[in-house]
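Residue strings, one per chain:
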Amino acid sequence: MQTVVQVDAFTNLPFGGNPAAVCVLGAAVDDRWMQQVAQEMNLSETAFLVPQSDGYSLRWFTPTVEVDLCGHATLASAHVLWSEGHLPPDTEARFHTRSGLLTARQQGDWIELNFPANPSTRITPSPELNEALACAGVREVWQNSLGYLVLMDSEETVRQMQPDFGQMATLPIHGVLITSSADRPPYDFVSRFFAPQIGINEDPVTGAAHCCLAPFWRDRLGKSEFLAYQASARGGIVKARCEGDRVVLGGQAVTVLRGSLLTIA
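Procedures and definitions
Residues numbered from 1 in each chain as written. Predicted model: local features only at pLDDT ≥ 70, side-chain atom pairs only at ≥ 80, totals over all residues. Heavy atoms only, no water. Phe/Tyr/Trp six-rings, centres within 6.5 Å; stacked < 30°, edge-to-face > 60°. Helix = DSSP H or I, 4+ residues; strand = E, 2+ residues; numbered from the N terminus. Buried < 20%, exposed > 50% of the residue type's maximum accessible area, 1.4 Å probe, protein only. Lys NZ or Arg CZ within 6 Å of the ring centre and 35° of its normal. Salt bridge = Lys/Arg side-chain N within 4 Å of Asp/Glu carboxyl O.

### Here we look at the packing of aromatic side chains
Here's step 1: Scanning the model with the defined rule gives eight aromatic pairs in all.
Here's step 2: Centroid distance Phe48 to Phe61: 5.7 Å. Interplanar angle 85 degrees. Geometry classified as edge-to-face. Taken together, the positions of Phe48 in strand E3 (residues 45–52) and Phe61 in strand E4 (residues 55–61) put the pair 13 residues apart, joining distant regions of the chain. In this structure, Phe48 and Phe61 share a single accessibility class: buried.
Here's step 3: Pairwise contacts between aromatic rings join Trp142, Phe189, Phe216, Trp217 and Phe226 into one cluster.
Here's step 4: It is Lys239 that lies over the ring of Trp110; its NZ or CZ is 4.0 Å from the centre.

This is the structure:
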(Lines give C-alpha, C1' and ligand atoms only; values in the text may rest on other atoms or scores of the structure.)
Protein backbone atom coordinates (compact mmCIF):
# COMPACT_ATOMS: atom_id res chain seq x y z
CA MET A 1 0.00 0.00 0.00
CA GLN A 2 1.08 3.57 -0.72
CA THR A 3 0.44 6.29 1.87
CA VAL A 4 -1.17 9.51 0.62
CA VAL A 5 -1.28 12.62 2.80
CA GLN A 6 -3.58 15.53 1.97
CA VAL A 7 -2.41 18.93 3.15
CA ASP A 8 -4.04 22.36 3.07
CA ALA A 9 -1.26 24.78 2.10
CA PHE A 10 -0.91 28.53 2.63
CA THR A 11 -3.22 28.37 5.63
CA ASN A 12 -3.07 27.34 9.28
CA LEU A 13 -6.71 26.23 9.36
CA PRO A 14 -8.22 23.01 7.95
CA PHE A 15 -10.34 23.49 4.81
CA GLY A 16 -8.67 26.76 3.88
CA GLY A 17 -5.80 27.50 1.53
CA ASN A 18 -5.03 25.12 -1.32
CA PRO A 19 -5.23 21.33 -0.86
CA ALA A 20 -2.54 19.08 -2.29
CA ALA A 21 -1.98 15.34 -2.07
CA VAL A 22 1.55 14.11 -1.35
CA CYS A 23 2.98 10.65 -2.03
CA VAL A 24 6.48 9.85 -0.74
CA LEU A 25 7.54 6.88 -2.88
CA GLY A 26 10.25 4.32 -2.28
CA ALA A 27 11.38 4.35 -5.92
CA ALA A 28 10.49 5.89 -9.28
CA VAL A 29 7.18 4.74 -10.76
CA ASP A 30 5.39 4.90 -14.09
CA ASP A 31 4.27 8.35 -15.28
CA ARG A 32 0.87 7.01 -16.29
CA TRP A 33 0.24 5.73 -12.75
CA MET A 34 1.10 9.13 -11.24
CA GLN A 35 -1.28 10.84 -13.65
CA GLN A 36 -4.03 8.34 -12.75
CA VAL A 37 -3.49 8.97 -9.04
CA ALA A 38 -3.69 12.73 -9.60
CA GLN A 39 -6.91 12.27 -11.52
CA GLU A 40 -8.29 10.08 -8.72
CA MET A 41 -7.35 12.62 -6.04
CA ASN A 42 -8.95 15.36 -8.20
CA LEU A 43 -7.07 18.19 -6.49
CA SER A 44 -5.32 21.03 -8.27
CA GLU A 45 -1.99 19.23 -7.66
CA THR A 46 -0.70 15.87 -6.46
CA ALA A 47 3.01 15.71 -5.60
CA PHE A 48 5.24 12.65 -5.92
CA LEU A 49 8.59 12.44 -4.13
CA VAL A 50 11.38 9.90 -4.59
CA PRO A 51 14.45 9.94 -2.28
CA GLN A 52 17.80 10.82 -3.84
CA SER A 53 21.30 11.07 -2.38
CA ASP A 54 20.86 14.83 -1.97
CA GLY A 55 17.18 15.36 -1.25
CA TYR A 56 14.15 14.25 -3.24
CA SER A 57 12.98 14.17 -6.82
CA LEU A 58 9.69 16.09 -6.90
CA ARG A 59 7.05 16.06 -9.64
CA TRP A 60 3.62 17.67 -9.73
CA PHE A 61 0.49 16.54 -11.58
CA THR A 62 -2.88 18.22 -12.03
CA PRO A 63 -5.82 15.92 -12.84
CA THR A 64 -4.91 16.28 -16.53
CA VAL A 65 -1.18 17.16 -16.97
CA GLU A 66 2.25 17.30 -15.35
CA VAL A 67 3.40 20.86 -14.60
CA ASP A 68 6.86 22.43 -14.36
CA LEU A 69 6.40 24.29 -11.07
CA CYS A 70 3.92 24.29 -8.20
CA GLY A 71 4.30 26.30 -5.02
CA HIS A 72 1.53 24.99 -2.79
CA ALA A 73 2.30 21.32 -3.47
CA THR A 74 5.99 21.99 -2.72
CA LEU A 75 4.95 23.61 0.55
CA ALA A 76 2.74 20.59 1.27
CA SER A 77 5.61 18.21 0.39
CA ALA A 78 8.01 19.91 2.80
CA HIS A 79 5.34 19.84 5.52
CA VAL A 80 4.84 16.10 4.98
CA LEU A 81 8.57 15.33 5.04
CA TRP A 82 8.90 16.97 8.45
CA SER A 83 5.54 16.05 10.01
CA GLU A 84 5.65 12.40 8.90
CA GLY A 85 9.22 11.85 10.11
CA HIS A 86 11.01 11.60 6.75
CA LEU A 87 13.29 14.53 7.68
CA PRO A 88 14.33 15.99 11.05
CA PRO A 89 12.59 19.34 11.70
CA ASP A 90 15.84 21.34 11.52
CA THR A 91 16.93 19.80 8.18
CA GLU A 92 16.50 21.73 4.92
CA ALA A 93 14.26 19.99 2.38
CA ARG A 94 15.86 19.84 -1.07
CA PHE A 95 13.78 19.15 -4.17
CA HIS A 96 15.13 18.32 -7.64
CA THR A 97 12.50 19.40 -10.15
CA ARG A 98 11.88 20.45 -13.76
CA SER A 99 12.45 24.01 -12.52
CA GLY A 100 15.80 23.23 -10.94
CA LEU A 101 16.71 22.85 -7.29
CA LEU A 102 14.09 24.16 -4.86
CA THR A 103 14.62 24.31 -1.11
CA ALA A 104 12.41 24.64 1.95
CA ARG A 105 13.12 25.32 5.59
CA GLN A 106 11.05 25.81 8.72
CA GLN A 107 10.87 29.28 10.25
CA GLY A 108 8.77 28.93 13.39
CA ASP A 109 5.20 28.17 12.35
CA TRP A 110 5.98 29.07 8.73
CA ILE A 111 7.75 27.29 5.91
CA GLU A 112 9.98 29.25 3.52
CA LEU A 113 10.43 28.11 -0.08
CA ASN A 114 13.24 29.37 -2.33
CA PHE A 115 11.97 29.64 -5.91
CA PRO A 116 13.15 31.27 -9.14
CA ALA A 117 11.69 34.71 -9.86
CA ASN A 118 9.48 34.94 -12.95
CA PRO A 119 9.72 38.41 -14.54
CA SER A 120 7.00 39.74 -16.83
CA THR A 121 6.92 41.74 -20.06
CA ARG A 122 4.16 44.21 -20.85
CA ILE A 123 1.97 43.38 -23.86
CA THR A 124 -1.13 44.71 -25.61
CA PRO A 125 -4.21 42.78 -24.46
CA SER A 126 -6.05 40.82 -27.13
CA PRO A 127 -9.82 41.06 -27.67
CA GLU A 128 -10.02 37.37 -26.73
CA LEU A 129 -8.46 38.02 -23.31
CA ASN A 130 -10.85 40.89 -22.67
CA GLU A 131 -13.76 38.61 -23.59
CA ALA A 132 -12.49 35.90 -21.24
CA LEU A 133 -12.15 38.32 -18.33
CA ALA A 134 -15.68 39.53 -18.99
CA CYS A 135 -15.34 42.74 -17.00
CA ALA A 136 -14.12 46.30 -17.15
CA GLY A 137 -11.26 47.42 -14.98
CA VAL A 138 -8.21 46.10 -16.86
CA ARG A 139 -5.33 48.57 -16.49
CA GLU A 140 -2.33 46.67 -17.87
CA VAL A 141 -1.52 43.22 -19.25
CA TRP A 142 1.86 41.52 -18.87
CA GLN A 143 3.13 38.09 -19.89
CA ASN A 144 5.51 35.58 -18.32
CA SER A 145 6.10 31.82 -18.47
CA LEU A 146 3.04 31.20 -16.28
CA GLY A 147 0.72 33.08 -18.65
CA TYR A 148 -0.88 36.53 -18.51
CA LEU A 149 -0.55 38.85 -15.52
CA VAL A 150 -3.41 41.36 -15.55
CA LEU A 151 -3.35 44.48 -13.38
CA MET A 152 -6.89 45.44 -12.35
CA ASP A 153 -8.20 48.77 -11.14
CA SER A 154 -9.24 47.68 -7.62
CA GLU A 155 -9.40 44.89 -5.08
CA GLU A 156 -13.18 44.80 -5.47
CA THR A 157 -12.82 44.10 -9.20
CA VAL A 158 -10.41 41.24 -8.44
CA ARG A 159 -12.74 39.73 -5.85
CA GLN A 160 -15.92 40.07 -7.91
CA MET A 161 -14.60 38.88 -11.30
CA GLN A 162 -16.45 35.96 -12.91
CA PRO A 163 -14.41 34.95 -15.97
CA ASP A 164 -15.70 33.10 -19.01
CA PHE A 165 -13.73 29.88 -18.51
CA GLY A 166 -14.77 28.47 -21.88
CA GLN A 167 -13.30 31.48 -23.64
CA MET A 168 -10.26 31.50 -21.34
CA ALA A 169 -9.47 27.88 -22.24
CA THR A 170 -9.00 28.95 -25.90
CA LEU A 171 -6.26 31.49 -25.11
CA PRO A 172 -2.70 30.65 -26.26
CA ILE A 173 -1.38 30.42 -22.66
CA HIS A 174 -1.94 28.16 -19.65
CA GLY A 175 -2.85 30.66 -16.94
CA VAL A 176 -4.37 34.07 -16.26
CA LEU A 177 -3.30 35.87 -13.09
CA ILE A 178 -5.21 38.97 -11.99
CA THR A 179 -4.00 41.33 -9.28
CA SER A 180 -4.46 44.74 -7.67
CA SER A 181 -3.11 46.60 -4.70
CA ALA A 182 -4.91 45.76 -1.45
CA ASP A 183 -7.48 48.18 -0.09
CA ARG A 184 -6.43 47.82 3.53
CA PRO A 185 -3.62 46.49 5.78
CA PRO A 186 -2.06 44.10 6.49
CA TYR A 187 -1.93 43.00 2.84
CA ASP A 188 0.10 44.68 0.11
CA PHE A 189 -1.73 43.15 -2.86
CA VAL A 190 -4.41 40.61 -3.74
CA SER A 191 -4.69 38.17 -6.62
CA ARG A 192 -6.59 35.29 -8.23
CA PHE A 193 -5.34 32.67 -10.68
CA PHE A 194 -7.26 30.83 -13.42
CA ALA A 195 -5.98 27.88 -15.49
CA PRO A 196 -8.84 26.07 -17.27
CA GLN A 197 -6.47 24.74 -19.95
CA ILE A 198 -4.80 22.45 -17.39
CA GLY A 199 -7.98 21.43 -15.60
CA ILE A 200 -8.08 24.15 -12.92
CA ASN A 201 -10.74 26.82 -13.46
CA GLU A 202 -9.54 28.68 -10.35
CA ASP A 203 -6.59 27.69 -8.20
CA PRO A 204 -7.28 28.47 -4.52
CA VAL A 205 -3.73 29.68 -3.69
CA THR A 206 -0.86 29.70 -6.19
CA GLY A 207 2.70 29.85 -4.92
CA ALA A 208 4.19 29.97 -8.41
CA ALA A 209 2.07 33.03 -9.22
CA HIS A 210 3.79 34.93 -6.44
CA CYS A 211 7.11 34.36 -8.19
CA CYS A 212 5.64 36.71 -10.83
CA LEU A 213 3.78 38.98 -8.42
CA ALA A 214 6.69 39.73 -6.08
CA PRO A 215 8.96 41.32 -8.75
CA PHE A 216 5.92 42.96 -10.37
CA TRP A 217 4.87 44.70 -7.15
CA ARG A 218 8.46 45.42 -6.08
CA ASP A 219 8.76 47.78 -9.04
CA ARG A 220 5.47 49.52 -8.16
CA LEU A 221 5.58 49.71 -4.39
CA GLY A 222 9.32 50.30 -4.00
CA LYS A 223 9.78 47.47 -1.49
CA SER A 224 10.94 43.88 -1.68
CA GLU A 225 8.92 42.11 1.03
CA PHE A 226 5.16 41.55 0.90
CA LEU A 227 2.20 40.00 2.63
CA ALA A 228 -0.29 38.92 -0.01
CA TYR A 229 -3.80 37.49 -0.05
CA GLN A 230 -5.15 35.23 -2.79
CA ALA A 231 -8.85 36.02 -2.89
CA SER A 232 -10.34 32.68 -3.98
CA ALA A 233 -13.33 31.16 -2.21
CA ARG A 234 -10.98 29.25 0.15
CA GLY A 235 -8.46 32.09 0.40
CA GLY A 236 -4.83 31.96 1.42
CA ILE A 237 -1.97 34.05 2.79
CA VAL A 238 1.47 34.18 1.16
CA LYS A 239 4.59 35.96 2.30
CA ALA A 240 6.91 36.89 -0.57
CA ARG A 241 10.41 38.36 -0.54
CA CYS A 242 12.54 39.27 -3.56
CA GLU A 243 16.19 38.20 -3.32
CA GLY A 244 17.95 38.90 -6.61
CA ASP A 245 16.70 36.43 -9.20
CA ARG A 246 14.94 34.36 -6.53
CA VAL A 247 11.70 34.76 -4.58
CA VAL A 248 11.32 33.43 -1.06
CA LEU A 249 7.74 32.34 -0.44
CA GLY A 250 6.38 31.86 3.07
CA GLY A 251 3.34 29.83 4.00
CA GLN A 252 1.76 27.63 6.62
CA ALA A 253 0.29 24.16 6.18
CA VAL A 254 -1.95 21.70 7.99
CA THR A 255 -2.55 17.98 7.42
CA VAL A 256 -6.22 17.12 6.91
CA LEU A 257 -6.20 13.52 5.70
CA ARG A 258 -3.94 10.46 5.68
CA GLY A 259 -4.85 7.35 3.74
CA SER A 260 -3.57 4.38 1.75
CA LEU A 261 -3.77 3.67 -1.96
CA LEU A 262 -4.75 0.02 -2.35
CA THR A 263 -3.63 -0.04 -5.99
CA ILE A 264 0.01 0.85 -6.53
CA ALA A 265 2.28 1.08 -9.54
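### Digging into the pattern of salt bridges
Here's step 1: What the rule picks out here adds up to 18 salt bridges.
Here's step 2: Where Arg159 meets Glu155, a salt bridge forms, and the shortest distance between an N and an O atom there is 2.8 Å. One end of the pair, Arg159, and the other, Glu155, are both in helix H4 (residues 155–160), four residues apart, so they sit about a helical turn from each other.
Here's step 3: Taking relative accessible area as the criterion, Arg159 reaches 39% and is therefore assigned partly exposed.
Here's step 4: Taking the relative accessible area as the measure of exposure, Glu155 reaches 4% and is therefore buried.
Here's step 5: Two residues, Arg218 and Asp219, come together in a salt bridge whose shortest N-O distance is 3.3 Å.
Here's step 6: In this structure Arg218 comes out as partly exposed when scored by relative accessible area, which is 30%.
Here's step 7: Asp219 gets classed as exposed once you look at its relative accessible area, which sits at 57%.

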